Amino acid sequence: MTDLNENSSINPVGVVLGTQEATPLDFWVAVLPRQVLRLDDVVTVRIQRPDGQGMIDFYGVVDQVRRSYEGIDFETDSFLASRGDMPVTESYAAHVQVTRIHPEDYLPPAPGANVFLAREKELEIGLFFDEMDQKTPAGKMQNGSPAYLNFEFIDGNKGAHINISGLSGVATKTSYALFLLHSIFNSGVLGSRAPNTKALIFNVKGEDLFFLDKFNSKQDETNKAAYELLKLPFEPFKDCNFRASPKRNGGVPFSNLNQRADEKIQPYIWSLKEVCRKRLLKFLMSGNDIQKSNLPFLLSNIEELLSNLANDKHNKGNSGHLITDRYGESGKTKISNFSELVEFLEDKLLGIGRPGEDDEGNPDARWLARNAPATAMALVRRLRAAGDEVSHLIRGDLEDEQFERYKLAPLAPGHCLTVADINKLGSIAKMFVVGVTLQEIFQEKEKSGQGAPIFIVLDELNKYAPREGYSPIKDLLVDIAERGRSLGIILIGAQQTASEVERRVVGQSAIRVVGRLDGAEAQRPEYNFLTGTCRQRAQFMKSGTMFIHQPEVPTPLLINFPFPAYATRSKEVADDPAEEEELAADLDRV
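Here the structure is a predicted model, which is why all the values come from computation and not from measurement.

Draft legend 1. Fine view of the sheet that holds strand β18 (residues 454-458). Read from one edge to the other, the open sheet built from 12 strands follows the order β8-β7-β22-β21-β20-β9-β19-β18-β10-β17-β11-β12, with strand pairing classed as mixed. Of all strands in the sheet, those bounded by a partner on one side alone are β8 (146-150) and β12 (266-267). Inspection of the sheet shows strand β21 (residues 545-549) paired to strand β22 (residues 557-560) by 4 bridges, in the antiparallel sense. Paired with Ile548 across the two strands is Leu557, which belongs to β22.

Structure representation (structure tokens):
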């Protein structure tokens, strides 16, 4: 780090301004004539210590630039100066936010010291890229150089989790999350963990993410050059496992997709017995009023009894259904679907549907557990409402091998990336699928230990972990944010407004990313990591441009990420030569 200025920088772009105070944390630069200094440029300054004991290098990022006339008193003097009728001098200055000082002698840079553009090695030093043992390409900076994230702040070694904020449609949150996944899987940072590393993406909009394994047809040499600059392969995602919600038609489950009919795309379902055995009914509950009532206590008791029922001797050989004692008007003993499960609980909690029996109208005290009938009625109402949304997801009428085939298991071997579609589900069903899947991942990682990481991409995070209100999935996401790092569960969460997400979830994210923001949202304290200038710029950022912030670099960096090499919608899918050859061969055989 000793001779970089002399060797790599050619001409200074300016000098440290003497009319403004220079501090160890920021200073102004007077830009020399015919030189350009822009926002986001990285500069370096070298000074000698006042006592002559060595040199100090300053590195920083330009966050403000300004130009003005000097020597005029009135605003209308600008017209005279512009016509050359008044002698003036133009001032061109830039403000620099210091990112690094070496050695760490916090002295101010000397006025008049030459300022150079930081290039190559100097730029890496100024932004701490030189100290990142595991550099993850994060995009291209405004000066054309690659920007990196320190993977040690992503994988849980020093920190974990990524949070992305921005307006829907223009902030490209999902696109950037996909780019980061592509970068993580292909940049070599995973090392020996690569074969076992997994990613799970919840698809919340359309069917766009069901084409990630196809090349994007909208490509040109500029995009390919961007991938080459970042040393990333220009290719779609590999080893994809696409899972969709089933259609509501009963019988054999079929994927509820319109744009892609592929035999390898399987629906996902849960068996009724599994839901009871693993106590998953709680993920059908949400709302601000739950904690204010006895519902959680009653539900906990019911889950306990249902779990015992699913594990008793009468149900050991069953596939997805439950065998129980008589219930309901017809004296049923078999629970084969979600509606019958609610009917069974209604019988136990409210004691209805037992004509001709002595206990008609009397609930089962063991199931009611001294709760008021109103609490039981409230729980039954919620389950009936949920049944309209999840009856095709929770079934008891299939065989064991079918449940195993349709199991949503992102940690299972064979695939690196799993896309689970939830966009055609109602709000309760979405909560159930996300909550159950995350809980199973969490429990499995608790048993197996950290091992290779799993990355979970969840958009609309404010719906699942809202700042106000309660839900079991919110508690689970807080647990993942706080303890997931030690288990290798990395949350890549996205939302339009971070101010509406539970603070403990956003606050645990080591990496923050911001696209275009609403003006009022940009002023919220959740974005304190942005400088004042960055907050203003975030209001008119273009698609594909993001601010990234990581713990090592004191100021946010503006980056652009390349257009995806993989298709993110059906109309982007490029022709596949291999598929065309296979189709031609089939036609020849016919």
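Draft legend 2. Representation of the sheet that holds strand β4 (residues 55-70) within the structure. The antiparallel closed barrel is built from 6 strands, whose spatial order is β1-β2-β5-β4-β3-β6. When strand polarity is set aside, the average angle formed by the axes of neighbouring strands in this sheet is 40°. Bridge analysis of strand β2 (residues 26-31) against strand β5 (residues 89-102) gives 5 bridges, and the strand direction is antiparallel. Paired with Trp28 across the strands is His95, a residue of β5.

Draft legend 3. Local environment of the pairing of strand β9 (residues 162-165). Burial along β9 is two-sided: the face carrying Ile162 and Ile164 and the face carrying Asn163 and Ser165 are both buried. Here 4 bridges tie β9 to strand β19 (residues 489-495), and the two strands are oriented parallel to one another. Its bridge partner being in β19, Ile164 is matched across the sheet by Ala494. Strand direction decides the pairing type here: β9 and strand β20 (residues 511-514), joined by 4 bridges, are parallel. Residue pairing in the sheet places Ile164 in a bridge with Val513 of β20.

Draft legend 4. Structural detail: a negative patch on the surface. Together, Glu399, Asp400, Glu401 and Glu404 give the surface a local cluster of negative charge. Tracing the chain through its elements places Glu404 in helix α11 (residues 400-405).

Draft legend 5. Seen up close, the packing of aromatic side chains. On inspection of all chains with the given rule, the structure shows 13 aromatic pairs. Between Tyr176 and Phe561, the ring centres sit 5.0 Å apart and the planes meet at 55°, which makes this aromatic pair tilted. One end of the pair, Tyr176, is in helix α4 (residues 173-186); the other, Phe561, is in the loop between β22 and α18 (577-589), with 385 residues separating them in the sequence. Residue class for Phe561 comes out buried when judged on its relative accessible area of 12%. On the numbers, 5.4 Å between centres and 80° between planes, the contact of Trp270 with Phe432 is edge-to-face.

Rules and cut-offs
- Residues numbered from 1 in each chain as written.
- Predicted model: local features only at pLDDT ≥ 70, side-chain atom pairs only at ≥ 80, totals over all residues.
- Heavy atoms only, no water.
- Pairing = 2+ DSSP bridges.
- Helix = DSSP H or I, 4+ residues; strand = E, 2+ residues; numbered from the N terminus.
- Axes fitted to C-alpha atoms, helices over the stretch in contact; angles between N-to-C directions.
- Buried < 20%, exposed > 50% of the residue type's maximum accessible area, 1.4 Å probe, protein only.
- Patch = residues over 30% accessible without salt bridge, like charges linked within 9 Å, V, L, I, M, F, W, Y side chains within 5 Å.
- Areas by Shrake-Rupley, 256 points an atom, 1.4 Å probe, with all protein chains shown as cover.
- Salt bridge = Lys/Arg side-chain N within 4 Å of Asp/Glu carboxyl O.
- Lys, Arg positive; Asp, Glu negative; His and termini not counted.
- Charge placed at Lys NZ, Arg CZ, Asp CG, Glu CD.
- Phe/Tyr/Trp six-rings, centres within 6.5 Å; stacked < 30°, edge-to-face > 60°.

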